[in-house]
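# Coordinate inspection notes
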Amino acid sequence: MTQTYPEFIWHNGAIKPWAEATTHVMAHAVHYGSSVFEGIRSYKTPRGAMIFRLQDHLRRLFNSARIYAMAMPYDQAQLTAACRAVMQANKLEAAYLRPVAYLGLGGFGLAADCPTDVAIAARPMGAYLGEGVLEQGIDACVSSWQRFAPNTIPAGAKAGGNYLSGQLIAREARRLGFGEGIALAHNGLLSEGAGENLFLVMDGALHTPPVAASLLNGITRHTLITLAEQAGIKVVERDLPREYLYLADEVFMCGTAAEITPIRSVDGRSIGNGGMGPITRRMQRLYFGLFDGSTADQWGWLEPVTG
Ligand code: PMP
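Computed from a prediction, not measured in an experiment: that's the story for all the values here. (Residues numbered from 1 in each chain as written. Predicted model: local features only at pLDDT ≥ 70, side-chain atom pairs only at ≥ 80, totals over all residues. Heavy atoms only, no water.)

## Remarks on the site of the ligand
In the vicinity of the ligand lie 16 residues, with Tyr163, Glu192, Ile219, Thr220 and Thr256 positioned nearest. Glu192 is positioned such that a nitrogen or oxygen atom in its side chain is 2.6 Å from a nitrogen atom of the ligand. Here Thr220 contributes a side-chain N or O atom positioned 2.6 Å from an oxygen atom of the ligand. Protein contacts shield 95% of the accessible area of the ligand, which totals 390 Å² for the unbound molecule. At the level of secondary structure, the elements contributing two or more residues to the shell around the ligand comprise α2 (54–67) and α6 (219–230). Here the shell around the ligand is built from residues that sort into four nonpolar, seven polar and five charged. (Near = heavy atom within 4 Å. Polar contact = N/O pair within 3.5 Å; in protein donor to acceptor, adjacent residues only side chain to side chain. Areas by Shrake-Rupley, 256 points an atom, 1.4 Å probe, with all protein chains shown as cover. Helix = DSSP H or I, 4+ residues; strand = E, 2+ residues; numbered from the N terminus. Nonpolar A, V, L, I, M, F, W, Y, C, P; charged D, E, K, R; others polar.)

As structure tokens, then:
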């Protein structure tokens, strides 16, 4: 498939033409997965183009680097300016931003001293799990691959290497004809999707696995917990066994890319009436309301691209 790329990218302190943002084949990250990254969306809103929870994403990027003791050559204010600059250079409003910090070319070996290189790409992006899925939902399966145990690889760091797990889960699901895979944690209880957190609706309350369940502490997950509690919907963070997926009234996935994607079946068992359930719809309205102005942004989550 031919790809079109944005015109500009931010790389190591400068806006460059896309083709010039290159790295050496012997960079540490190419061999060992030593990168940390973020996925951030901006939306076109009545108040102009806004980046959603940029500071929270950048904080998580710095936390991911900290977990791996990766030196960061820029501070949060500099990366904030860089995100805005790459959006403006590409004249983007609704977009997906991808900051990545990675160990570059240095010594050889796992513990080698290597510089940290940083890039930020931005491009338009529609619904991550496919056209129409935000309304129709997806068919999901429980993966044969479990997530890594907490004493093996820290799931709380959004590191490149973690996504080997995500690729196994996502590719297996697609190969079997499912829209996405759901993974169990090391202890056999529910964890998360390949690149999304998971919510179950049972008796009108939202239930979601706890952060200790080998999952990424998602910013969308936190957004939904905050919006639900404010709307008087009970939220329970708890260990959940696999079979609750089959018994739940509604199931949905959430993430920056996936936004709020209803799950209409799991392992061939239809969820609820097989369409989007009322609580999922309500959560979608509250979430997208932040961008069309119908949900007040009381938290300062929207940050302008310009100005
Ligand atoms: N889990 C994984 C493994 C992810 O890659 C993502 C996407 N970043 C999420 C959950 C959702 O996180 P967020 O809401 O911060 O995008």
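## Observations regarding the pattern of salt bridges
Tallying each qualifying case throughout the model produces 11 salt bridges. Measuring nitrogen to oxygen at the nearest pair gives 3.7 Å for the salt bridge that ties Glu93 to Lys44. Note that Glu93 is positioned in the loop between α3 (76–89) and β6 (95–103) and Lys44 in strand β4 (residues 40–45), a separation of 49 residues in sequence. With relative accessibility at 38%, the residue Glu93 sits in the partly exposed group. Of the charged contacts, one joins Asp56 and Arg53 as a salt bridge, the two residues approaching to 2.9 Å between their closest N and O atoms. We classify Asp56 as partly exposed; its relative accessible area is 22%. (Salt bridge = Lys/Arg side-chain N within 4 Å of Asp/Glu carboxyl O. Buried < 20%, exposed > 50% of the residue type's maximum accessible area, 1.4 Å probe, protein only.)

## Notes on the side chain of Ser34
In this fold, Ser34 is placed in the loop between α1 (28–32) and β3 (35–37). Only 3.3 Å separates the side chain of Ser34 from the backbone nitrogen of Ala29, close enough to count as a polar contact. Apart from residues lying up to four places away in sequence, Ser34 is in contact with His28, Ala29, Met70, Ala101, Tyr102 and Leu103. (Contact = heavy atoms within 4.5 Å.)

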